[in-house]
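Each chain, written out:
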Amino acid sequence: MKHFIGKIMRGTHRTTLIFIGIGILHIFFRFYNLELWAKVGWDQMDHAWAATRILYEHSYPLQGIMAKYNSGITVGPLYYYFVALFYYFTRFDPIASPIVAGVTSILSFLTLYCVVRSIHGVRVALIASFIYAVFSPYIAADRMQLPTNFIPMVSFLIFYALYRVMLGTPRYILLLAAISGLSLHFHFTSVFYPIMAMFALPFFPRKRETLGYLLVSVPIFGIFLLPQAIYDLQVKTHSTIGATLSYLQTYYHGFHLRRMLQLLHDAVIEFEIVLGYRWLRPVALVFLPLYSVIVSRQEKRSHWFTLTYLIVVWIIVPWVSFTLYSGEITSYYFSSLRFIAIMMAAYLTLWFWDRRLRILQLAVVIFWAVQSVLSVQQFFQTSSGLFPGLRASMIQLIQDGKTVPFKENDVYYYLYYIDTTVKGIKPIVEHSP
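Residues numbered from 1 in each chain as written. Predicted model: local features only at pLDDT ≥ 70, side-chain atom pairs only at ≥ 80, totals over all residues. Heavy atoms only, no water.

- Under an unreviewed UniProt entry, the name given to the chain is Glycosyltransferase RgtA/B/C/D-like domain-containing protein.
- In its Subcellular location (unreviewed entry) section, the UniProt entry covering the chain states "Cell membrane". (UniProt positions renumbered as here; feature names shortened; annotations may be inferred.)

See the structure below:
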């Protein structure tokens, strides 16, 4: 013990202790008052019903969530099975929904730390982890269970895989194939990743080893397409490819510069979010140039070029793609840039701190301290959800002989179904007409 404390005092284990401390903060902000603040809506109950069909009815879907309502386009089914795992341990209780969200956020937290540490070192990784752990927009997003919670994590892993391949390590093509395939089971914006990879392809190492990994990556990627392919073969009247082409034809309206300028705010919205203040929004436009210039002076030229090039690709591909799209656009469609924005903010923070100018260091401390305090204040103002007293009142309702009418993806009917059908709770009071 004395030896361990001595190492801490000398800084040997300081990084680990800081990381654990930030991790505890992250878990606290994602799980505190889980029962009281948890909220479930249409999407969460759709996932609950899918989990119930898997666990209780033993009906195993080959299709996942509808990408766009009535579009006929679906993502893969793996997210349903992921959610079902949690409903199994909670015995079909919808409290599984916020638990899924919390666990997903922990996976995201670990991904962010490990990738940023590999790219920019441990100090930047700790700052990035802290920003993600305590900043209110990220806390709010992480406490609501949605498959889109996986977008920042998956996007960052694909970004990292391409980064490593472009720097001369072709074995990361296998990671690229696996994560790209997995992304097809979370959200339709995963179609952007093959396009992004195509832009990086000219910079892949030109050697036989690269070709070998590319050939092996094809079946790895193909495995994730199997469920949808089997479904399309079984239901010959349906074709995901046909539905996708039809949908794109309906909502394609060509390129318009005015439309592209209108979407500029959305394209850099993750930079605006990490900056926090509305009056700092114009800074979002110079966020990348400033980061790129500083990295060019601090890192090797190959690292600078690779990072800058990939970040530009990550901005341009969704921006141009949605410029051609006339349908509804939601801000989280651009959340593929979230962890990249956090990494850049952490890197710039450390750079300003390392200038060793008191005024800059003071500005850095004040900026993130104010952000943290405001986030904590907003966090504790969270309103209550539906869960307190809901289960007890539902059991009492059933025991009184009352019923709940069917309503699609309604939490009250779902609980009524689970209590009466799955758990077999019976009325103890004869229901009077």
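Having seen the model, we can carry on.
Remarks on the overall build of the chain
Consideration 1: Of the regular secondary structure elements, the chain holds 23 helices and zero strands.
Consideration 2: For 433 residues, the compact-globule estimate of 2.2 N^0.38 gives 22 Å, and the chain sits close to it at 24 Å.
Consideration 3: Seen along its three principal axes, the alpha-carbon backbone of the chain occupies a region of about 80 × 60 × 50 Å.
Consideration 4: Buried positions account for 47% of the 433 residues belonging to the chain.
Consideration 5: Summarising the internal contacts of the chain: among those between residues at least 6 apart in sequence, 76% fall at separations of at least 24.
Consideration 6: Only carbon and sulfur atoms are counted for the fraction: they give 66% of the accessible area of the chain, which is about 22,000 Å².
Consideration 7: Taking the average place of the 34 positive charges on the side chains of the chain and the average place of its 19 negative ones, the gap between the two points comes to 17 Å. (Helix = DSSP H or I, 4+ residues; strand = E, 2+ residues; numbered from the N terminus. Rg over C-alpha atoms; globule rule 2.2 N^0.38 Å. Buried < 20%, exposed > 50% of the residue type's maximum accessible area, 1.4 Å probe, protein only. Contact = heavy atoms within 4.5 Å. Areas by Shrake-Rupley, 256 points an atom, 1.4 Å probe, with all protein chains shown as cover. Lys, Arg positive; Asp, Glu negative; His and termini not counted. Charge placed at Lys NZ, Arg CZ, Asp CG, Glu CD.)

Brief notes about helix 7 (residues 122-134)
Consideration 1: For helix 7, which comprises 13 residues, the first-to-last C-alpha distance of 18 Å matches the rise-based estimate of 18 Å (1.5 Å per residue) to within 8%.
Consideration 2: Every buried residue belonging to helix 7 is among Val124, Ala125, Leu126, Ala128, Ser129, Ile131, Tyr132, Ala133 and Val134, and all of these are buried.
Consideration 3: Considering only its buried residues, helix 7 is in contact with helix 2 (14-31), helix 6 (96-120), helix 8 (136-142), helix 17 (269-275), helix 20 (338-354) and helix 21 (358-379). (Expected span 1.5 Å × (residues − 1).)

A closer look at the nonpolar core
Consideration 1: Counting residues in hydrophobic clusters, the biggest one holds 124 residues, and the most contacted among them are Phe159, Tyr291 and Trp314.
Consideration 2: Both domains that furnish three or more residues to this core are identified here as domain 1 (15-384) and domain 2 (389-422).
Consideration 3: Here Phe159 is in contact with Ile119, Leu307, Leu310, Ile311, Trp314, Ile340 and Met343, once residues within four sequence places are set aside. (Core = buried A, V, L, I, M, F, W, Y, C linked by side-chain atoms within 4.5 Å. Domains from an automatic or database assignment.)

Quick notes on the domain arrangement of the chain
Consideration 1: Along its sequence, the chain is carved into domain 1 (15-384) and domain 2 (389-422).
Consideration 2: Relative to domain 2, the C-alpha centre of domain 1 lies at a distance of 36 Å.
Consideration 3: Each partner contributes to the interface: domain 1 provides 16 residues, whereas domain 2 provides 12 residues.
Consideration 4: Interface of domain 1 and domain 2: buried area, both sides summed, is about 1,300 Å²; carbon and sulfur atoms make up 62% of it.
Consideration 5: The three residues of domain 1 that bury the most area against domain 2 are Trp42, Trp49 and Tyr56, which together make up 44% of that side's buried surface.
Consideration 6: Ranked by the residues each element gives to the side of domain 1 that touches domain 2, the list is headed by helix 4 (residues 42-55), at six residues.
Consideration 7: In terms of residue class, the side of domain 1 that touches domain 2 is built from 10 nonpolar, two polar and four charged. (Buried area = accessible area lost by both parts, 1.4 Å probe. Nonpolar A, V, L, I, M, F, W, Y, C, P; charged D, E, K, R; others polar.)

Details of empty space enclosed by the protein
If a probe as big as a water molecule is rolled over the atoms, it shows which places are left empty.
Consideration 1: Tallied over the full model, the rule gives three cavities of 30 Å³ or more.
Consideration 2: Here the largest cavity is characterised by a volume of approximately 40 Å³. (1 Å grid on protein atoms, 1.4 Å probe; cavity = no way out; pocket = protein on both sides within 12 Å on 5 of 7 lines; lining within 4 Å. Points joined across faces, edges and corners; volume = space filled by probe spheres on them.)

A closer look at the packing of helix 11 (residues 192-200) against helix 19 (residues 301-323)
Consideration 1: Relative orientation of the contacting elements helix 11 and helix 19 amounts to 135°, with a least axis distance of 10 Å. With respect to their mutual orientation, helix 11 and helix 19 come out oblique. Helix-helix and strand crossings are classified by hand; for helix 11 and helix 19 the assignment is right-handed. Contacts from Phe192, Ile195, Met196, Phe199 and Ala200 in helix 11 reach Tyr309, Leu310, Val313, Trp314, Val317, Pro318, Ser321 and Phe322 in helix 19.
Consideration 2: For the contact of helix 11 with helix 19, the per-class residue count stands at 12 nonpolar, one polar and no charged. (Axes fitted to C-alpha atoms, helices over the stretch in contact; angles between N-to-C directions. Parallel < 35°, antiparallel > 145°, perpendicular 65-115°, else oblique. Left-handed = near helix turned anticlockwise from the far one by under 90°.)

Here we look at the environment of Tyr412
Consideration 1: Looking at the element boundaries, Tyr412 is found in helix 23 (residues 411-422).
Consideration 2: Along the chain, Tyr412 and Arg391 lie 21 residues apart, while their C-alpha atoms are 9.3 Å from each other.
Consideration 3: Excluding its chain neighbours within four sequence positions, the residues that come into contact with Tyr412 are Leu386, Leu390, Met394 and Val404.

Brief notes about the pattern of salt bridges
Consideration 1: Summed over all chains, the structure comprises four salt bridges.
Consideration 2: The partner of Arg338 in a salt bridge is Glu270, and the shortest N-O contact between them spans 3.2 Å. One end of the pair, Arg338, is in helix 20; the other, Glu270, is in helix 17, and 68 residues separate them in sequence. For the residue pair Arg338 and Glu270, the accessibility class agrees, reading buried in each case. (Salt bridge = Lys/Arg side-chain N within 4 Å of Asp/Glu carboxyl O.)

Section: the side chain of Ser336
Consideration 1: You can see Ser336 is positioned in the loop between helix 19 and helix 20.
Consideration 2: Taking the relative accessible area as the measure of exposure, Ser336 reaches 6% and is therefore buried.

Examining the side chain of Ser335
Consideration 1: Relative to the helices and strands, Ser335 resides in the loop between helix 19 and helix 20.
Consideration 2: In this structure Ser335 comes out as buried when scored by relative accessible area, which is 2%.

Focus: the packing of aromatic side chains
Aromatic ring pairs: the centre-centre distance and the angle between the two ring planes describe each pair.
Consideration 1: Across all of its chains, the model carries 43 aromatic pairs by this definition.
Consideration 2: With centroids separated by 5.3 Å and ring planes inclined at 55°, the aromatic side chains of Phe322 and Phe334 adopt a geometry described as tilted. With Phe322 in helix 19 and Phe334 in the loop between helix 19 and helix 20, the pair connects residues that are 12 residues apart, well separated along the chain.
Consideration 3: Assessed through its relative accessible area of 3%, Phe322 is described here as buried.
Consideration 4: Its relative accessible area of 4% is what places Phe334 among the buried residues.
Consideration 5: Geometrically, the ring pair formed by Tyr413 and Tyr416 is tilted, given 6.3 Å between the ring centres and 40° between the ring planes. Within this pair, Tyr413 and its partner Tyr416 are both found in helix 23, separated by three residues, close to a single helical turn. Assigned by exposure class, Tyr413 and Tyr416 land together as buried.
Consideration 6: Cluster of aromatic residues (ring-pair linked, three or more members): Tyr132, Phe135, Tyr138, Phe156, Phe159, Trp314 and Phe339.
Consideration 7: One Lys or Arg, Arg30, reaches over the ring of Tyr132 and ends 5.0 Å from the middle of that ring. (Phe/Tyr/Trp six-rings, centres within 6.5 Å; stacked < 30°, edge-to-face > 60°. Lys NZ or Arg CZ within 6 Å of the ring centre and 35° of its normal.)

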